[in-house]
Amino acid sequence: MGDGRRIVYWIRRLSEIAVVGWLGMMLLVDMAVAAKDGGPQWLVPITGAAGIVAVALRRRWRLEGFAALAGMSVAVTVVLAVTATPGAPGSAETGALLVLTIGVLRHVDPVRRAAVMCVVALVVLMAEGGWRLSDGSGLAFSFLLFAGWSTATGIGGYLRFQQERRDEAVHAVRRAERLELARELHDLVAHHITGIVVQAQAARTVAETKPEAVVPALDAIAGAGGDALGAMRRLVTVLRAQEEAARTPGTSLADLRHLTERFSVNGQRVAFEIGQGIDDHTLPPEVMTTLHRVLREALTNIRKHAPGASWIEAALRLADRVAVLRVSNFGSASDPRLSRLGGGFGLVGMAERVEALGGRLYAGPTPEGAWEVVAEFPLP
C-alpha cells in the first residue's frame, strides 16, 4: 500500500471514529435527560444507542440500519404520545438518522429509492419534534430538525452529484481508451494478416510445380486472410468515423527513445534506460504500443502537474518474463489530485490499457520523495 493510500485510509478511519464519538457525546446528554425524567424517556437513549450501531455498520447494512432506526424512532414517538409522557427528541437518535440520510442519498440506487427514504427521514424527524413535546416548543424543535434534514440532504445530494460526475468521466475515458485500443489491435492484426496473404500468394506462385498438393491449401489461406482483413476494416471503419488515425503496425524501442528525446528538448531532461535482453523482437507489438502510450502519458502528467521537477528517469527492464516500465520525477512535490490512481483520468486510461493486456499499473509517491509511475506487462 502506497503512502498516499495509507493516508487516505487513516483519514477515513479517524473520521469514522470522530462521528461515532460525536454521537456518543450526544448519547450521554440523552441519558442525562432520561435520568432526570425517568419512565418511557429511557427509550430515547436506547434508540440513540441503536442509531450509533447503525452508523458504525452502515457500510455493510446501510438500508437495514436506516429502516431499523426509523422504525424504532417512530415506535418511541408513538409510545410517548400515547402515554402522554413529556419527552424530548433524542440528540444521538437525530444525529444518527441525519448521518444515515447523507449515506442513503449518496449511495443508494436508484435515486428514486434514495429520495423516498429521505422523505421517510423527514417524516420521522417531524414526528419526533412535534409529538414528543407537549408544550409550545414542538414547533421550534421541528424547525431545527427540518434545518438539519435540509443540510444533510444538501450534503448527500452534492456528494452524489460529484460521484456521478466522476463515474461518467471515468466511463468516458475507459470507453475512449477501449476504442483506441480496438483501432490499434486492428492495425496490428491487419498487419499480420496482410503478411499472411502476401506469403500465401507468393507461395502459390512458387508452388506451381506441384499445384495438385499445395495450391488448394494456399487458396484457402489467401481467401480466409482476405475475408478477415476486409471484415475487420469494415468493422473498425465505424470506430474510426472520420478520424485520420495512423495505420502503423506498432512502435519500436527507437520510438520510445525518440519520445523521451523530444520531451527533453521541449521540457525537463529525461534519462531513458533500456535494460539488457530487450529489443524490438522481445516484446509483442501490442505491448510496445501500450508502453509508448504509458510513457507519453506519464511524461505529459509530469509536464502538467510537476513543472518544477529537476530530473526525470525512465527505465524499461525485463525481470522474470515481466516487462517493467518505470517513470520517476524528482525535485517536485506530487500533485494532490494525483495522490492515488483514481485522481487523474489519464491514469485511468493508462490502467485500462495495461490491465487489458494482463498487466498492472501503479502511480504514487516513493519513499525517496519522487513521484513514480510503474507499468508491468507479463510476457508469454
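Residues numbered from 1 in each chain as written. Predicted model: local features only at pLDDT ≥ 70, side-chain atom pairs only at ≥ 80, totals over all residues. Heavy atoms only, no water.

**Topic: the overall build of the chain**
Right, on to step 1. On a plain count of helices and strands, the chain comes out with 10 helices and 5 strands.
Right, on to step 2. Excluding contacts between residues fewer than 6 apart, the proportion of contacts in the chain whose partners are at least 24 apart in sequence is 72%.
Right, on to step 3. Carbon and sulfur atoms provide 62% of the accessible area of the chain, an area that totals close to 20700 Å². (Helix = DSSP H or I, 4+ residues; strand = E, 2+ residues; numbered from the N terminus. Contact = heavy atoms within 4.5 Å. Areas by Shrake-Rupley, 256 points an atom, 1.4 Å probe, with all protein chains shown as cover.)

**Quick word on the pairing of strand β1 (residues 270–274)**
Right, on to step 1. Note that β1 and strand β2 (residues 311–318) share 5 bridges and pair parallel. Counted as the bridge partner of E273 is A315 from β2.
Right, on to step 2. With helix α9 (residues 285–305) bridging β1 and its parallel neighbour β2, the resulting β-α-β unit is left-handed. (Pairing = 2+ DSSP bridges. Right-handed = clockwise from strand over helix to strand, strands pointing away.)

**A closer look at the pattern of salt bridges**
Right, on to step 1. With the rule as written, the count across this model stands at 7 salt bridges.
Right, on to step 2. With its nearest N and O atoms 2.9 Å apart, the salt bridge here joins R58 to E16. One end of the pair, R58, is in the loop between α2 (43–56) and α3 (62–82); the other, E16, is in helix α1 (residues 3–37), and 42 residues separate them in sequence. Take R58 and E16: they sit in the same class, and that class is buried.
Right, on to step 3. For R360, the salt bridge goes to E376, with nearest N and O atoms at 3.3 Å. Of this pair, R360 sits in strand β4 (residues 360–365) while E376 is found in strand β5 (residues 371–378), placing the two residues 16 residues apart along the sequence.
Right, on to step 4. Exposure remark for E376: the relative accessible area of 24% places this residue in the partly exposed category. (Salt bridge = Lys/Arg side-chain N within 4 Å of Asp/Glu carboxyl O. Buried < 20%, exposed > 50% of the residue type's maximum accessible area, 1.4 Å probe, protein only.)

**Details of α2**
Right, on to step 1. Relative to the 20 Å expected for 14 residues at 1.5 Å per residue, α2 spans 20 Å between its end C-alpha atoms, a close match to the ideal helical length.
Right, on to step 2. Those residues of α2 lying buried are V44, P45, T47, G48, G51, I52, A54 and V55. Taken down its axis, α2 places every buried residue within 165 degrees of arc, on the same side. (Expected span 1.5 Å × (residues − 1). Arc of directions from axis to C-beta.)

**Some remarks on the packing of aromatic side chains**
Right, on to step 1. One pass over the structure, following the stated rule, counts 1 aromatic pair.
Right, on to step 2. Looking at R60, its charged tip hangs above the ring of W61, at a distance of 5.3 Å from the centre. (Phe/Tyr/Trp six-rings, centres within 6.5 Å; stacked < 30°, edge-to-face > 60°. Lys NZ or Arg CZ within 6 Å of the ring centre and 35° of its normal.)

**Details of the confidence of the model for the chain**
Reading fine detail from the predicted coordinates is not recommended where pLDDT is low.
Right, on to step 1. Of the residues in the chain, 72% have a pLDDT of 70 or more, and the chain-wide mean is 77.
Right, on to step 2. Predicted confidence is poor over residues 241–250, with pLDDT under 50, and the contacts of this stretch with residues over four places away or in other chains come to 14 contacts.
Right, on to step 3. Within the model, pLDDT remains below 50 along residues 334–343, and this stretch shows 21 contacts once partners closer than five positions in the same chain are excluded. (pLDDT = per-residue confidence, 0-100.)

**Comments concerning the side chain of T47**
Right, on to step 1. Checked against the element boundaries, T47 lands in helix α2.
Right, on to step 2. Apart from the residues within four sequence positions on either side, T47 is in contact with L69, M72, S73, V76 and E93.

**A word on the side chain of R62**
Right, on to step 1. Of note, R62 is situated in helix α3.
Right, on to step 2. The charged side chain of R62 is buried without a salt bridge, its nearest counter-charge being E16 at 7.9 Å. (Lys, Arg positive; Asp, Glu negative; His and termini not counted.)

**Details of the sheet that holds strand β3 (residues 322–330)**
Right, on to step 1. Taking strand neighbours across the sheet as the criterion, the 5 strands line up as β1-β2-β3-β5-β4 in an open arrangement whose pairing is mixed. What marks the edges here is a single partner per strand, and that holds for β1 and β4. This sheet shows a mean twist of 10 degrees between the axes of neighbouring strands, independent of strand direction.
Right, on to step 2. Where β2 and β3 come together, 8 bridges link them in antiparallel fashion. When the sheet's bridge partners are listed, I312 is paired in β3 with N329.
Right, on to step 3. Packed onto the sheet, α9 meets β1, β2, β3 and β5 and runs at close to 10 degrees relative to β3. (Axes fitted to C-alpha atoms, helices over the stretch in contact; angles between N-to-C directions.)

**What about the packing of α3 against helix α4 (residues 91–107)?**
Right, on to step 1. At a minimum axis distance of 10 Å, the contact between α3 and α4 shows a crossing angle of 145 degrees. Like other packed secondary-structure pairs, α3 and α4 cross with a definite hand, here left-handed. Residues R62, G65, F66, L69 and S73 of α3 form the contact with α4, whose own contacting residues are E93, A96, L97, L100, T101, G103, V104 and H107. (Left-handed = near helix turned anticlockwise from the far one by under 90°.)

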